[in-house]
Amino acid sequence: MITINEHYLKLQASYLFSDIAKRVAAFQKNNPDKDIIKLGIGDVTRALPPACIEAFHQAVDEMAVETSFHGYGPEQGYAFLREAIAKNDFQARGADISADEIFVSDGAKCDTGNIQEIFATDVKVAIPDPVYPVYLDTNVMAGRTGIFNDGRFQGLCYLDSTRENNFVPDLPTEPVDLIYLCFPNNPTGSSITKEQLKKWVNYAHDNKALILFDAAYEAFIRDESLPKSIFEIDGAKEVAIEFRSFSKNAGFTGTRCAYTVIPKECRAFDATGGKQALHPLWNRRHCTKFNGVSYPIQKAAAAVYSEAGKVQTRELTDYYLTNAALIRKEITALGFDSVGGDNSPYIWIDGRGRDSWEFFDMLLNKAGVVCTPGAGFGKCGQGYIRLSAFNSYQNVEKAMKRIKQALQ
Ligand code: MLT
């Protein structure tokens, strides 16, 4: 008899963003004439930077000629991309990361979801609340939690991010082994200082723990004192893995390219307490289950690091940050408390006593604006909504006018 992985039955019915998409589709069906502005899922709307498109085209042309054609590439990514990443994203900021510590992949969602495979099932996992649902759901699927009860999975250590701690969780009060952190944060848009991050690195050393640091939104950091990478923190290489993406800095959500950094000295422990390097484990997993990102896409991603690419990606993130500033300004003028939008494309808004999903429904029905209900990211998200800056400036302006009217 074929039996299922019962842990899947513990999951909430559907993935948050699929759930929202279904609600929006139903609304659109019933209101075909209503114009909807989507400030929900963090999906970019602007075209790829010209430098990336040019490199992409050239690489496609190479594929059309037998002498420059590429079949399977190295699973970890082509050297030209890994070297450009190491030099520009790390060494240029004083983080000593080398090209062979970088694993190119098709998405940070996949990597943050898959990484847990290399850890034991019984590790104690610390998950922020609110949180990007992928970290949570993939650990549920792997059997690291009990059942869902009163808004939370049993067996996990939740790290509350609230107004009281400025949406940067405090260190856990119970021992944990695997810690998920994301900064600039999704969903709250909060950022972490070097001093705060250093405390987490110290915690990981003291407790033989490991930090999974999701830095997918680092390109939105404008405050130069904030860390873009956990590897800017002394001692992090032994205790952290970092995830990055080309989705938000260069508009690759539909093109797919990302990478994960596992320093050679990054370690976990075997059942006897012996130190084990994680780099070879992930390398083994990556080579077994993944055949590399296509050559033209890696060429397009490498163009992000060209002189033109750097200017164009900066313009792209500046554009979304201008939207974010407008959202923050308008929402503040309406009397709402919020965080984010300065070093982040997300604005996390306290609904002043409204239930998250009710606020979502109200904005959809009365303003034709799609947000993301905070409760979908965890118990601490109840009462909040998230607005994303990924849309055109004109649409953001229109959305904010409509929200104002809906609330009056
Ligand atoms: C989000 O809206 O939280 C993001 O789009 C999620 C993602 O990048 O997968």
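Residues numbered from 1 in each chain as written. Predicted model: local features only at pLDDT ≥ 70, side-chain atom pairs only at ≥ 80, totals over all residues. Heavy atoms only, no water.

Student: Hey, could you run me through the domain arrangement of the protein in this one?
Tutor: Interface size is commonly expressed as the accessible area that is lost once the parts come together. Here the protein is described as being made up of domain 1 (6–47 + 308–407) and domain 2 (53–306). For domain 1 and domain 2, the distance between their C-alpha centroids amounts to 24 Å. Between domain 1 and domain 2, the contact holds 38 residues from the first and 51 residues from the second. When the two sides are added together, the surface that domain 1 and domain 2 hide from each other amounts to roughly 3600 Å², 59% of it contributed by carbon and sulfur. In this structure, the connection of domain 1 to domain 2 is made through three salt bridges. Among the ionic pairs, Arg222 bridges to Asp318, the shortest N-O distance being 2.9 Å. Applying the counting rule to domain 1 against domain 2 returns 20 residue pairs in polar contact (both at pLDDT 80 or more). If you list the elements that add at least two residues to the side of domain 1 that touches domain 2, you get helix H10 (307–333), strand E13 (338–340), strand E14 (346–350) and strand E17 (384–388). Here the side of domain 1 that touches domain 2 is built from residues that sort into 17 nonpolar, twelve polar and nine charged. (Domains from an automatic or database assignment. Contact = heavy atoms within 4.5 Å. Buried area = accessible area lost by both parts, 1.4 Å probe. Salt bridge = Lys/Arg side-chain N within 4 Å of Asp/Glu carboxyl O. Polar contact = N/O pair within 3.5 Å; in protein donor to acceptor, adjacent residues only side chain to side chain. Helix = DSSP H or I, 4+ residues; strand = E, 2+ residues; numbered from the N terminus. Nonpolar A, V, L, I, M, F, W, Y, C, P; charged D, E, K, R; others polar.)

Student: Looking at this structure, I do not really get the packing of aromatic side chains. What am I missing?
Tutor: Each aromatic ring pair is described using two quantities: the centre-to-centre distance and the angle formed by the ring planes. Enumeration over the complete set of coordinates arrives at 24 aromatic pairs. Here the aromatic residues Tyr15, Phe17, Phe167, Trp348, Phe377 and Tyr384 are joined through ring pairs into a cluster of three or more. Over the ring of Phe359 we find Arg354; its NZ or CZ atom is 5.0 Å from the centre of that ring. Sitting over the face of the ring of Tyr346, Arg386 holds its NZ or CZ atom 3.8 Å from the ring centroid. (Phe/Tyr/Trp six-rings, centres within 6.5 Å; stacked < 30°, edge-to-face > 60°. Lys NZ or Arg CZ within 6 Å of the ring centre and 35° of its normal.)

Student: Can you walk me through the site of the ligand in this structure?
Tutor: Around the ligand, a shell composed of Phe17, Ile41, Gly42, Tyr132, Asn186, Tyr217, Lys248, Tyr346 and Arg386 is seen. Within the contact set of the ligand, an oxygen atom lies 2.8 Å away from a side-chain nitrogen or oxygen of Asn186. Arg386 is positioned such that a nitrogen or oxygen atom in its side chain is 2.7 Å from an oxygen atom of the ligand. Contact with the protein chains covers 85% of the free accessible surface of the ligand, which is 260 Å². Looking at side-chain class alone, the shell around the ligand contains five nonpolar, two polar and two charged residues. (Near = heavy atom within 4 Å. Areas by Shrake-Rupley, 256 points an atom, 1.4 Å probe, with all protein chains shown as cover.)

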